[in-house]
Amino acid sequence: MGLLWSAYVTHPDTMPEAETAPTFNSLYGFENGRKERVMVATETEMRAAKLPKRYRDYCAHKLLQLEDCKKYNFPMIRKCSHEMHEWEQCQYEDYVMRMKEFERERRLLERQKRKQQAAAA
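Fair warning: this is a prediction, and the values are worked out from it, not measured in the lab.

## Some thoughts on the overall build of the protein chain
Phase 1 of the analysis: Check the secondary structure of the protein chain and you find 4 helices and 0 strands.
Phase 2 of the analysis: Starting at the N terminus and walking to the C terminus, you meet the elements of the protein chain as α-α-α-α.
Phase 3 of the analysis: For 121 residues, the compact-globule estimate of 2.2 N^0.38 gives 14 Å, and the protein chain exceeds it by more than 25% at 20 Å.
Phase 4 of the analysis: Counting only C-alpha atoms, the protein chain reaches 70 × 35 × 25 Å along its principal axes.
Phase 5 of the analysis: Within the protein chain, the proportion of its 121 residues that are buried is 21%.
Phase 6 of the analysis: At a minimum sequence separation of 6, the contacts of the protein chain that also span at least 24 residues come to 54%.
Phase 7 of the analysis: Looking at the protein chain as shown, the accessible area adds up to about 9900 Å², and 56% of this sits on carbon and sulfur atoms.
Phase 8 of the analysis: Separation of charge centres in the protein chain, based on 22 positive and 19 negative side chains, amounts to 1 Å.

## Brief notes about the state of the cysteines
Phase 1 of the analysis: By the definition in use, this model includes 2 disulfides.
Phase 2 of the analysis: The partner cysteine of Cys69 in its disulfide is Cys80, sulfur to sulfur 2.1 Å. With the S-S dihedral at roughly -95°, the linkage between Cys69 and Cys80 falls on the left-handed side. Of the two residues, Cys69 is situated in helix H3 (residues 60–73) and Cys80 in the loop between H3 and helix H4 (81–120); the sequence distance between them amounts to 11 residues. Accessibility classification places Cys69 together with Cys80 in one group, the buried group.

## Overview of the packing of aromatic side chains
Phase 1 of the analysis: Inspection of every chain in the model, using the stated rule, returns 1 aromatic pair.
Phase 2 of the analysis: Between the aromatic rings of Tyr55 and Trp87, the centroid separation amounts to 6.2 Å while the plane-to-plane angle is 70°, which identifies the pairing as edge-to-face. Here Trp87 lies in helix H4 and Tyr55 lies in the loop between helix H2 (43–48) and H3, a separation of 32 residues in the sequence.
Phase 3 of the analysis: For Tyr55, a relative accessible area of 28% puts it in the partly exposed group.
Phase 4 of the analysis: Above the plane of the ring of Tyr58 lies Arg37, whose end atom (NZ or CZ) is 3.9 Å from the centre.

## Looking at the UniProt feature "coiled-coil region" (unreviewed entry) in the protein chain
Phase 1 of the analysis: In the numbering adopted here, UniProt assigns the feature "coiled-coil region" (unreviewed entry) to residues 92–119.
Phase 2 of the analysis: A helix fraction of 100% and a strand fraction of 0% characterise residues 92–119, whose end C-alpha atoms lie 41 Å from each other.

## Points about the confidence of the model for the protein chain
Phase 1 of the analysis: Across the protein chain, pLDDT averages 88, with 94% of residues at or above 70.
Phase 2 of the analysis: Mean pLDDT per element in the protein chain: helix H1 (residues 2–10) is the minimum at 69, and H3 is the maximum at 95.

Analysis parameters
Residues numbered from 1 in each chain as written. Predicted model: local features only at pLDDT ≥ 70, side-chain atom pairs only at ≥ 80, totals over all residues. Heavy atoms only, no water. Helix = DSSP H or I, 4+ residues; strand = E, 2+ residues; numbered from the N terminus. Rg over C-alpha atoms; globule rule 2.2 N^0.38 Å. Buried < 20%, exposed > 50% of the residue type's maximum accessible area, 1.4 Å probe, protein only. Contact = heavy atoms within 4.5 Å. Areas by Shrake-Rupley, 256 points an atom, 1.4 Å probe, with all protein chains shown as cover. Lys, Arg positive; Asp, Glu negative; His and termini not counted. Charge placed at Lys NZ, Arg CZ, Asp CG, Glu CD. Disulfide = S-S within 2.5 Å. Phe/Tyr/Trp six-rings, centres within 6.5 Å; stacked < 30°, edge-to-face > 60°. Lys NZ or Arg CZ within 6 Å of the ring centre and 35° of its normal. UniProt positions renumbered as here; feature names shortened; annotations may be inferred. pLDDT = per-residue confidence, 0-100.

Below is the structure:
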């Protein structure tokens, strides 16, 4: 409720769209630069494993390892709990990173709005 309230009622002009690309430079505010995220699994590997498009993200290599483990240990797939945990941890870290980027974009939009209001006054 809080996000929806702030997005549509209190601050609709400074709330970034969730599915759009960032509007600010990704290196803005980082003097020493940022670590670039790299896809470990290639597109051909994901296509060969028939991985659904919704799982073709930065954690696809962990999912491929999990699926291989399940195939190797079938029907005792409980032996793959370590791979499952690694994939879930990767998904969680990816989610946290996306939320941090969303919050960064929101704060930069609010800062831009404050600067425009100060310049107009």
